[in-house]
Amino acid sequence: GNSVTQMEGPVTLSEEAFLTINCTYTATGYPSLFWYVQYPGEGLQLLLKATKADDKGSNKGFEATYRKETTSFHLEKGSVQVSDSAVYFCALSDNTNAGKSTFGDGTTLTVKP
Amino acid sequence: DAGVIQSPRHEVTEMGQEVTLRCKPISGHNSLFWYRQTMMRGLELLIYFNNNVPIDDSGMPEDRFSAKMPNASFSTLKIQPSEPRDSAVYFCASSLGTPNEKLFFGSGTQLSVL
């Protein structure tokens, strides 16, 4: 079956530091890959997505590249801000079910001023 | 669109009581998902519907849990009887229901069973 493995947290960084959160996946077929973000007291919301190999998703300074050869979709940001503090979830959606997604365990990021 | 709407936002109840959580998906979305989030288990898919039909309920923990989707604009998740270990945040999400589509999440219901 499908699975997503995320880098364990929590991650604590200083403002303006470089961020990487690792994500690898196992799936049949050709899944789409997503990063969702959850701010305190809220539901998850889409941060970025990529639908095929070598695609790069980007949003709000965050980027992730769909690497089929390494089955990875690592999240990066060059300079984090305090407002980026949140929980980040890597997920995949395959092309065999009605939009069913498989999520990683989430990585908590805290950015200190 | 108002997004996915869940109610109530918070629910506090006593063990043994029936709990009903409600969800209104985004209009036009064909798939609806119920998730449970806890510190210990993370985000778990409980059940999902496509075109109002339950497709996979293998994540429903016990017979105490049941879910319905009587029409395209409403779903309920019921726990009867509730237990303290059911305490969690329950999220509803919807999507267009086509492969590879993103999910839109509601704000969740924080359930506390005393």
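Before reading further, recall that the structure is shown in the block above.
Worth saying up front: this structure is predicted, and the values here are computed from it rather than measured.

**Q** What's the story with the state of the cysteines in this structure? I'm lost.
**A** Cysteine pairs can be covalently joined through their sulfur atoms, and such a bond is termed a disulfide. With the rule as written, the count across this model stands at 2 disulfides over all chains. Between A:C23 and A:C90 runs a disulfide, and the two sulfur atoms are separated by 1.9 Å. Here A:C23 and A:C90 share a disulfide; its torsion about the S-S bond, -70 degrees, makes the bridge left-handed. Of this pair, A:C23 sits in strand β4 (residues 23–26) while A:C90 is found in strand β10 (residues 86–93), placing the two residues 67 residues apart along the sequence. Here A:C23 and A:C90 have matching classes, each one buried. Note on cysteine connectivity: B:C23 is disulfide-linked to B:C92, with sulfurs 1.9 Å apart. Between B:C23 and B:C92 the sulfur-sulfur dihedral comes to about -65 degrees; the bridge is accordingly left-handed. Pair noted here: B:C23 is in strand β3 (residues 19–24) and B:C92 is in strand β9 (residues 88–95), with a separation of 69 residues, a long-range link. Neither residue differs from the other here; B:C23 and B:C92 are each classed as buried.

**Q** Is there a simple way to think about the pairing of strand β1 (residues 3–6) of chain A in this case?
**A** Regular strands place side chains that alternate from one sheet face to the opposite one. All names here are of chain A. Only one face of β1 is covered, namely the face carrying V4 and Q6; the face carrying S3 and T5 is uncovered. Across 4 bridges, the pairing between β1 and β4 is antiparallel. Residue S3 lies in a different strand from β4, and its bridge partner there is T26.

**Q** I tried to follow the interface of chain B and chain A on my own but got confused; where do I start?
**A** Note on interface size: it is often stated as the accessible area lost on association of the parts. With 22 residues of chain B at the contact, the number on the chain A side is 22 residues. Both sides of the chain B and chain A interface together cover about 1600 Å² of buried area, and 53% of this is carbon and sulfur. In this structure, the connection of chain B to chain A is made through 1 salt bridge. Here A:K100 and B:D56 are joined by a salt bridge, their closest N and O atoms 3.4 Å apart. Taken together, chain B and chain A are joined by 4 residue pairs in polar contact (both at pLDDT 80 or more). Elements with a minimum of two residues in the side of chain B that touches chain A: β4 (31–38), β5 (42–50) and β9 of chain B. Taken together, the residues of the side of chain B that touches chain A sort by class into 9 nonpolar, 9 polar and 4 charged.

The rules behind each value
Residues numbered from 1 in each chain as written. Chains lettered and ligands numbered in written order. Predicted model: local features only at pLDDT ≥ 70, side-chain atom pairs only at ≥ 80, totals over all residues. Heavy atoms only, no water. Disulfide = S-S within 2.5 Å. Helix = DSSP H or I, 4+ residues; strand = E, 2+ residues; numbered from the N terminus. Buried < 20%, exposed > 50% of the residue type's maximum accessible area, 1.4 Å probe, protein only. Pairing = 2+ DSSP bridges. Contact = heavy atoms within 4.5 Å. Buried area = accessible area lost by both parts, 1.4 Å probe. Salt bridge = Lys/Arg side-chain N within 4 Å of Asp/Glu carboxyl O. Polar contact = N/O pair within 3.5 Å; in protein donor to acceptor, adjacent residues only side chain to side chain. Nonpolar A, V, L, I, M, F, W, Y, C, P; charged D, E, K, R; others polar.

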